[in-house]
Amino acid sequence: QTVTPESVLSDDQQRVFIIGGSASYGFPYRYGDTFAGQLQQRLGHRDYRVLNASRVGWTSGELAPLVDQAVRFYRPQVIVLFTGNNEWFHWRPVDTQQPAGQQAPRREKMSQASVDTLKFLAHSRCLSAIEHVLVKWHVSRQQARQDESRQQESRDRFEAHHELTGVRYSVEMPLDPGQYDPAQWEATRQRYLDTLEANLERMIRTAQQQDVRVLLLNVPFKYRLSPAWKHRQPMSFDPAEQQAVQRSVQKTLAELDQEKYEAALEEVESALTRDPLPAVLHYLKGECLVGLERPVEAEAAFAQSRECMIGNLGSRLSVNRVIDRVAERTGATLVDVREMFDAYGHARQRYFNIDLIHDDCHPTPLGHQLIAEKLVPLILKSGMGNGGEPQ
């Protein structure tokens, strides 16, 4: 359904805009399972209209114009701002260009004439069956050529999303310091954090200038996420400690395999004293603490692993510190979703957001339900009933 300012402003409903990325959009669930859908169900009878303007994969800089448009053309009462997962979405740690003489597999496309011919022939069941076989053969040949190209030694064979949890793939596919110097990461990360902070403040100030209340959500996250979920990760940030850290990683893995958790923890903590920045080391520490049945400490170790991950979906603690700081400076209402998820899980002796986030950062339907339950009274507090009294 297309929503235009005319169609929205023609009614007397109070409007609530949801603006953010895929977690805010509700990926990958149906609308009724998302917090936007649940808000509409819970508030619709009170003459509220919830409009979800979230965009999958958009950064705060891309979302800022949406806030401006929502405020200028749709006159909402409340904006729910739920962003911070995509700031490094387009960033890459290595040059993905092929070396001289090497080319990526060619993407083959049919001409429009070929497509028109196939459409015409498809009117016959017999010919369409033959077409189906030929198309399958063509696609299989194309896929085989692409697979062969991917397997060449000159190509980077790292695959994102190889394992949701675990550290083995991170160890098998480390970031080559010859391709990307980890020493550059801190400055790069800070530039993105500064940009996020500026964009958040811009969006909130834009809304506040038109007396629109902003509910600013921080980001919950999967604690026990594989460090190499999106990018290769450095095994060490200090070249002088590279070999020592690698030896410690291998020794820690061997001790974990033998369920020697105390010895493994001692080994990985020793490595962290030499180089405290690799996400892999913090993840291994978390695994040791899981084996020792110390889940709260393990959760903290996994959180630090997420903080140290380079690239998209890393720096979770820093992102939330930025969100907290902007909320305090602007007076926006902070909704601490991370703390809410932690409290819910810990009360049930469930850790790492296992029930509340289904992959890396997207809430489950239960997670969306908790968010909706938290937002309803805040939205009602912001609005006025038809009789002019607070709801």
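Scroll up for the structure.
Procedures and definitions
Residue indices follow the written sequence of each chain, beginning from 1 at its first position. Two thresholds apply to this predicted model, a pLDDT of at least 70 for residue-level local features and 80 or more for giving and counting side-chain atom pairs, whereas whole-chain, interface and lining totals are computed over all residues. Just so you know, side-chain values use all the structure's heavy atoms and leave hydrogens and water out. For helices the rule is a DSSP run of H or I covering at least 4 residues; for strands it is a run of E covering at least 2, with both sets numbered from the N terminus onward. Using a 1.4 Å probe, the Shrake-Rupley method yields the accessible areas, and only the shown protein chains count as cover for residues. Put simply, buried Ala, Val, Leu, Ile, Met, Phe, Trp, Tyr and Cys residues joined by side-chain atoms within 4.5 Å make one nonpolar core. Each residue's exposure class comes from its accessible area (1.4 Å probe, protein chains only) as a fraction of the maximum for that residue type: buried when under 20%, exposed when over 50%, partly exposed otherwise. The contact rule is simple, with two residues in contact once any of their heavy atoms fall within 4.5 Å. Whether a set of points on the 1 Å grid over the protein atoms alone is a cavity depends on a 1.4 Å probe fitting there but being unable to get out, while an open set qualifies as a pocket with protein on both sides within 12 Å along at least five of seven lines; lining residues are those with an atom within 4 Å of a point. Grid points are joined across faces, edges and corners, and a volume is the space filled by probe spheres set on the points. In the scheme used here, Gly and all other residues not listed as nonpolar or charged are polar, with Ala, Val, Leu, Ile, Met, Phe, Trp, Tyr, Cys and Pro taken as nonpolar and Asp, Glu, Lys and Arg as charged. In this scheme Phe, Tyr and Trp rings, the latter by its six-membered ring, pair at centre separations within 6.5 Å, and the angle between planes marks the pair as stacked below 30 degrees, edge-to-face above 60, and tilted otherwise. Only Lys NZ and Arg CZ are tested; either one counts as a charge over a ring when it is within 6 Å of the ring centre and within 35 degrees of the ring normal. Between the first and last residue of a helix there are one fewer steps than residues, each counted as 1.5 Å, and that sum is the expected span. Picture the helix axis, draw a direction to every C-beta atom, and the arc is the one those directions span.

1. Thoughts on the overall build of the chain
For the chain, the count of helices and strands is 15 helices and 5 strands. Only carbon and sulfur atoms are counted for the fraction: they give 49% of the accessible area of the chain, which is about 19,900 Å².

2. Topic: the nonpolar core
Here is a general trend for soluble globular proteins: nonpolar side chains tend to be buried in one another's company. Ranked by size, the top nonpolar core spans 65 residues in total, and within it L39 and L375 carry the most contacts. Of the residues forming this core, the biggest block, 8 residues, is contributed by helix 15 (residues 365–382). Residue contacts for L375: discarding those within four places in its chain leaves F35, L39, V80, L215, L217 and V335. Counting residues in hydrophobic clusters, the runner-up holds 27 residues, among them Y223, A264, A298 and A303.

3. Describing empty space enclosed by the protein
Across all of its chains, the model carries 2 cavities of 30 Å³ or more by this definition. Considering only enclosed or pocket space, the largest cavity measures out at about 80 Å³ in volume. Lining the largest cavity are 14 residues, and of these F341, G345, R350, N353 and L356 sit closest to its centre. It is helix 14 (residues 337–347) that contributes the most residues to the lining of the largest cavity, 5 residues altogether. A class-by-class count of the residues in the lining of the largest cavity yields 6 nonpolar, 3 polar and 5 charged. Estimated volume of the second largest cavity: approximately 50 Å³. For the second largest cavity, the full set of lining residues is G21, S22, A23, F82, T83, G84, N85, N86 and V219.

4. Observations regarding the environment of L265
Along the chain, L265 turns up in helix 10 (residues 261–274). On the accessibility criterion, L265 (6% relative accessible area) is buried. Ignoring sequence-local partners within four residues, the contact set of L265 consists of K285, C288, L289, L292 and R294.

5. What about the packing of aromatic side chains?
Considering all chains together, one arrives at 11 aromatic pairs under this definition. Ring geometry for W91 versus Y180: centroids 5.6 Å apart, planes at 85°, classification edge-to-face. In this pair, W91 is assigned in the loop between strand 3 (78–82) and helix 5 (112–121) and Y180 in the loop between helix 7 (168–172) and helix 8 (185–208), connecting sequence segments 89 residues apart. Relative accessible area serves as the criterion here: at 10%, W91 is assigned to the buried category. For Y180, a relative accessible area of 7% gives the class buried. Ring centres 4.9 Å apart and planes at 55° place the aromatic pair W91 and W185 in the tilted group. Within this pair, whereas W91 is found in the loop between strand 3 and helix 5, its partner W185 is found in helix 8, the two being separated by 94 residues in sequence. Put simply, the rings of W88, W91, Y180, W185 and Y192 pair up and form one aromatic cluster. The ring of W58 carries R55 above its face, with NZ or CZ at 5.8 Å from the centroid.

6. Considerations on helix 10
Along its 14 residues, helix 10 runs 20 Å from first to last C-alpha, staying within 8% of the 20 Å computed at 1.5 Å per residue. All buried positions along helix 10 are accounted for by A264, L265, E267, V268, A271 and L272. The buried residues of helix 10 occupy one face: seen down the axis, they fall within an arc of 165°. More than 90 degrees from the buried face of helix 10, the exposed residues found are E262, E266 and T273. Tucked into the core, helix 10 has its buried residues touching helix 9 (242–257) and helix 11 (279–291).

7. Describing unusual backbone geometry
Cis geometry marks the peptide bond from F27 to P28, where omega comes out at 0°. Positive phi, close to 65°, is recorded for H161, a residue that is not glycine. The backbone phi angle of L313 is positive, close to 75°, even though this residue is not glycine. Examined against the element boundaries, L313 turns out to sit in the loop between helix 12 (295–308) and helix 13 (316–330).

All we've got here are geometric facts, nothing functional implied.
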